[in-house]
Amino acid sequence: MKITLLGTGGPLPDAHRAGPSTLVEAGGQQFLVDSGRGCVMRLAACGVPPAFINTVLLTHLHSDHICDLNDVVTTRWITSPASEPLRIVGPVGTRRVVEALLAMLALDEEYRLAHHADLRTVGGMKVDVVEVNPGDALSVAGVNVSAHRTDHRPVAPTIGYRIEHDGKVAALAGDTVPCAELDQMCSDADVYVQTVLREDMVRALGDMLPAPASGRLLDILDYHSTVEQAGQTAARNNVKHLVLTHYVPAPPVGTETEWCQPASAFFNGEIVAGPDLTSVTV
Ligand SMILES: [Zn+2]
Ligand SMILES: [Zn+2]
């Protein structure tokens, strides 16, 4: 099982970081977990074009986690017109988002169908939406995926995914504060991927901003895991690798490993932090 951080950025644009998105390769399947800004460019960089993606797993419907889903849908369609429908798994609300997204793409679909005979032969964009609730599970070609409640309120529902194959487990949390269901999802995982922020840095930035911008920045502290909390969750649940991503505020490329230290105060296992395309194989 291989986990690649396609995008390690957050909502704020960054010249060097794509938005939140992680690739999980297991059992010959490629799972795209969230589809933030630039994820298709990063897929190309790691040799997995959108045509190879059959399943997208959305943790939640915040814009930074879904804003390039349209690029995945369109690019996959025009580069693999005979493929199976793209399965888009996500929390309740995903169907509404995808229907609106397909409406946005309808003219482009018409143009391409009018122009390309091979696309007309196989038809338009094919998408299969699966809305999941905590406790749901699905099997994709022998790879088991279970959905777990996370806590990113007031954003709700939000889902973390536990992906299991051949005795290996990857737990992908998305944006969440620590909670019992997150613990359950991470239990004994080989890899636990957590979106994180640095509370010390966010507070320091907040101090430099005028109101109301400072208040809006500080709001983010109450619904994300800090690096310390990610370390505590990893330790409590006996995970092997803690992988940090979605750095807020984004550190300069090459300095990400400095983020390991606050987590290592709580967690003795391996901690991974790095730029886009950092990967872990277990
Ligand atoms: Zn979020
Ligand atoms: Zn986010």
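Data block above holds the structure.
My aim in this report is to walk through the structure given alongside it, one point at a time. Just so we're clear, the structure is a prediction, and the values are computed from it rather than from any experiment.

This part is about the overall build of the protein. Helices and strands together make up the secondary structure of the protein, namely 11 helices and 15 strands. Across its three principal directions, the C-alpha atoms of the protein cover 60 × 50 × 35 Å. Buried positions account for 42% of the 282 residues belonging to the protein. Partitioning the intrachain contacts of the protein with sequence separation of at least 6 by distance along the chain shows that 64% fall at a separation of at least 24.

This part takes up the environment of Ala44. Here Ala44 lies in helix 1 (residues 39-45). Judged by C-beta crowding, with 12 C-beta atoms within 10 Å, Ala44 ranks as exposed. For Ala44 and Cys260, which are 216 residues apart along the polypeptide, the C-alpha to C-alpha distance reads 28 Å.

This part takes up the sheet that holds strand 2 (residues 21-26). With mixed pairing, the 7 strands of this open sheet are ordered in space as 6-5-4-3-2-1-15. Looking at strand neighbours, the two that pair on one side only are strand 6 (127-131) and strand 15 (279-281), the edges of this open sheet. Each adjacent strand pair in this sheet contributes to an overall mean axis angle of 20 degrees, direction not counted. Bridge analysis of strand 3 (residues 29-33) against strand 4 (residues 55-57) gives 3 bridges, and the strand direction is parallel. Bridge pairing in strand 4 links Phe31 to Thr55.

The next subject is the environment of Glu270. For Glu270, the location among the structural elements is in strand 14 (residues 270-272). Considered as a pair, Glu270 and Val239 are 31 residues apart in the sequence and their alpha carbons are 9.0 Å apart. Not counting residues up to four positions away in its chain, the partners in contact with Glu270 are Lys240 and His241.

Time to look at the pairing of strand 13 (residues 241-248). Within strand 13, 7 of the 8 residues are buried, leaving the element largely enclosed by the surrounding structure. Sheet topology note: the strand 11 (residues 191-197)/strand 13 ladder contains 6 bridges and is parallel. From the neighbouring strand, Gln194 faces strand 13, where its bridge partner is Leu244.

Moving on, we get to unusual backbone geometry. A cis amide bond, omega 15 degrees, links Arg153 with the succeeding residue Pro154. You can see Pro154 is positioned in the loop between strand 8 (143-149) and strand 9 (159-165). In this model, Ala211 is joined to Pro212 through a cis peptide bond whose omega is 0 degrees. Inspection of the secondary structure puts Pro212 in the loop between helix 8 (199-208) and helix 9 (213-219). Even without a glycine there, the phi angle at Ala141 is positive, about 50 degrees. Among the secondary structure elements, Ala141 is positioned in the loop between strand 7 (137-140) and strand 8. In the Ramachandran plot, Asp188 falls in the positive-phi region, its phi being about 60 degrees despite a non-glycine side chain. Looking at where Asp188 falls in the secondary structure, it is placed in the loop between helix 7 (180-186) and strand 11.

Attention now goes to the nonpolar core. With 65 residues, the main nonpolar core has Val56, Ala170, Ala171, Tyr192 and Leu242 as its most contacted residues. If we skip the residues at most four places from it in the chain, Tyr192 touches Ala171, Cys186, Ala234, Val239, Leu242 and Val243.

Further remarks concern the pairing of strand 10 (residues 168-172). Judged by how many residues are buried, strand 10 sits mostly within the fold: 4 of 5 residues are covered. Direction of pairing for strand 10 relative to strand 11: parallel, over a ladder of 3 bridges. Across the sheet, Leu172 pairs through a bridge with Val193, a residue of strand 11.

So, how was this worked out
- Residues numbered from 1 in each chain as written.
- Chains lettered and ligands numbered in written order.
- Predicted model: local features only at pLDDT ≥ 70, side-chain atom pairs only at ≥ 80, totals over all residues.
- Helix = DSSP H or I, 4+ residues; strand = E, 2+ residues; numbered from the N terminus.
- Buried ≥ 20, exposed ≤ 12 C-beta atoms within 10 Å, placed from the backbone.
- Contact = placed C-beta atoms within 7 Å.
- Pairing = 2+ DSSP bridges.
- Axes fitted to C-alpha atoms, helices over the stretch in contact; angles between N-to-C directions.
- Core = buried A, V, L, I, M, F, W, Y, C linked by C-beta atoms within 7 Å.

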